[in-house]
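Here's the letter readout for the chains.
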Amino acid sequence: MKGDNYEFGMIGLGVMGRNLLLNMADHGFKVAGHDKDQAKIDALAKEARVDNVEGFISVNEFIESLRTPRAIMLLVPAGKIVDAVLAEITPLLDAGDIVIDGGNSYFADTNRRVEELKAKNLHFFGMGISGGEEGARKGPSMMPGGDAQAYDVMRPIFEKVAAKVDGAPCVTYIGPGASGHFVKMVHNGIEYGIMQLIAETYEMMKKGLRLPDEKIHETFVTWSKGKLRSFLIEISRDILGFKEPGSSTLLLNEIKDEARSKGTGKWTSQVAMDLQAPLMTIDTAVSMRDMSKYKTLRTTASKLYHSPSAAVSPDLLNQLEDALYFATIVAYAQGMHMLTQASAEFGYGLKLDKIALIWRGGCIIRSAFLQDIYEAYTADASLPHLLVDNRIQKTVNALLPAARNVMAGAISSGIAMPAHTSALTYLDTLRSERMPSNMIQAQRDYFGAHTYERIGKEGVFHTQWVPK
């Protein structure tokens, strides 16, 4: 269908951009897409189920096809490509047009672009989108932040195409500035953490308990129906049961143990350090992806250092579910605490209950536990930390014995479970009324005269620790 009154435009017709545009078309919106790759335009036409979508190779024709004020989303790789696309299209736009960055842009870049486009009288907001290929096509979770007026214009479209949980769309206005991309960044950090925790649990089953693939798959099938019910557990279940046609072994066993990343987990850790929001489990997950890349070094070390002879008790299998649930709760809690700190630091005014609500469907970290997070922040919007919520505290206390037993078994048998260990250490540190940081302060004063504070006395102090 040709026309000059398309309601929405998409630049970038890769898997995510194309599927989200087709999702909009399926919901009755007249939409147009642009890409410099003719093959992607052809794929858009081939996959369209309705005739209210059109692709353009010419950016000028694409811009001219949109009704005014125009609404255009970019779904292109983060970084310089976003700036290049904006530089190309902004001279073709009119004051009052809306531009949305739907990619995984770094939040500081979004802050800059907000100001740059505002100076050109263009509305701009960044929107995190989670759900992958299937989510984009059938309903993602979306995190728009920035120009509230522009979001209000776009809300009917986004609420239509978003995932739904109990009839509620998994999209909400996040806050000003780059808050949408910031929340998506933290979402991805939590994602890194939970993926690593699941991988370590699989490692314990495979290497520690020496379970056959069929038993591991059977266990994940059971878990996918219980308290661990989540998208990541479900896909892990499917992976653990998948064999290529004609193969007698799992495809998983043929995949290299070197994990890649696109950097959003690293951003989460870096920014968390700036905010002084400790993310031990997420930080560990980022480090483990880096560690996985040193395959040659790991192979060499495996010949130099051998595992302890202690065997893992078969009883640990019955405790793994609780241990994984505990560590997963901690990963979520760390991410939510970071959002609390960022909201205060950047003036985002984040509503953590609403964020938990829109993460319940469509997104990669969707899980049954997000309902508990939603209820915790609904009961107390100023909750300083998820782990001090009364109901969650009771859940965690019930899970702790299993977590401690699994970690003890892993350490004594030489099975690496660093993310699990960090989750337990995080909780044990959080519950420490008095940490050994007094020693650090004394050391700093000893070698650098950095001073310290004393219990029950006002002011700062310095001591000459060794007589001159």
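Only a predicted model underlies this, so the values are computations on that prediction, with no experimental measurement involved.

Q: What should I look at first to understand the environment of L251 in this one?
A: Inspection of the secondary structure puts L251 in the loop between α10 (231-239) and α11 (264-275). In this structure L251 comes out as partly exposed when scored by relative accessible area, which is 28%. Along the sequence, L251 and K118 sit 133 residues apart, while their C-alpha atoms lie 50 Å from each other. In contact with L251, not counting residues within four places along its chain, are F242, K243 and E244.

Q: Is there a simple way to explain the layout of surface pockets in this structure?
A: Looking at the second largest pocket, its volume works out to about 290 Å³. Around the second largest pocket, the lining residues are E433, R434, M435, S437, N438, Q441, A442, Y452, E453, R454, I455 and W465. Counting residues per element, the lining of the second largest pocket draws most heavily on helix α19 (residues 437-448), which supplies four residues. Of the residues contributing to the lining of the second largest pocket, the split by class is five nonpolar, three polar and four charged.

Q: Is there a simple way to explain the packing of aromatic side chains in this structure?
A: The relative placement of two aromatic rings is captured by the distance of their centres and the angle of their planes. Evaluated as defined, the whole model comprises 19 aromatic pairs. Where F125 meets F158, the ring centres are 6.5 Å apart and the plane angle is 85 degrees; that geometry is what we call edge-to-face. On the criterion of sequence distance, the pair formed by F125 in strand β6 (residues 123-130) and F158 in helix α7 (residues 148-161) is long-range, its members being 33 residues apart. Of the two residues examined, F125 and F158, each falls in the buried class. Between the aromatic rings of Y452 and W465, the centroid separation amounts to 6.2 Å while the plane-to-plane angle is 50 degrees, which identifies the pairing as tilted. Linking Y452 in strand β10 (residues 452-454) with W465 in the segment after β11 (457-461), this pair joins segments that are 13 residues apart in sequence. Taking relative accessible area as the criterion, Y452 reaches 13% and is therefore assigned buried. For W465, a relative accessible area of 38% puts it in the partly exposed group. Three or more aromatic residues link up through ring pairs in this structure, and these residues are Y106, F107, F182, W267, F346 and Y348. Over the aromatic face of F461 sits the side chain of R454, whose NZ or CZ is 5.8 Å from the ring centroid.

What counts, and where the lines are drawn
- Residues numbered from 1 in each chain as written.
- Predicted model: local features only at pLDDT ≥ 70, side-chain atom pairs only at ≥ 80, totals over all residues.
- Heavy atoms only, no water.
- Helix = DSSP H or I, 4+ residues; strand = E, 2+ residues; numbered from the N terminus.
- Buried < 20%, exposed > 50% of the residue type's maximum accessible area, 1.4 Å probe, protein only.
- Contact = heavy atoms within 4.5 Å.
- 1 Å grid on protein atoms, 1.4 Å probe; cavity = no way out; pocket = protein on both sides within 12 Å on 5 of 7 lines; lining within 4 Å.
- Points joined across faces, edges and corners; volume = space filled by probe spheres on them.
- Nonpolar A, V, L, I, M, F, W, Y, C, P; charged D, E, K, R; others polar.
- Phe/Tyr/Trp six-rings, centres within 6.5 Å; stacked < 30°, edge-to-face > 60°.
- Lys NZ or Arg CZ within 6 Å of the ring centre and 35° of its normal.

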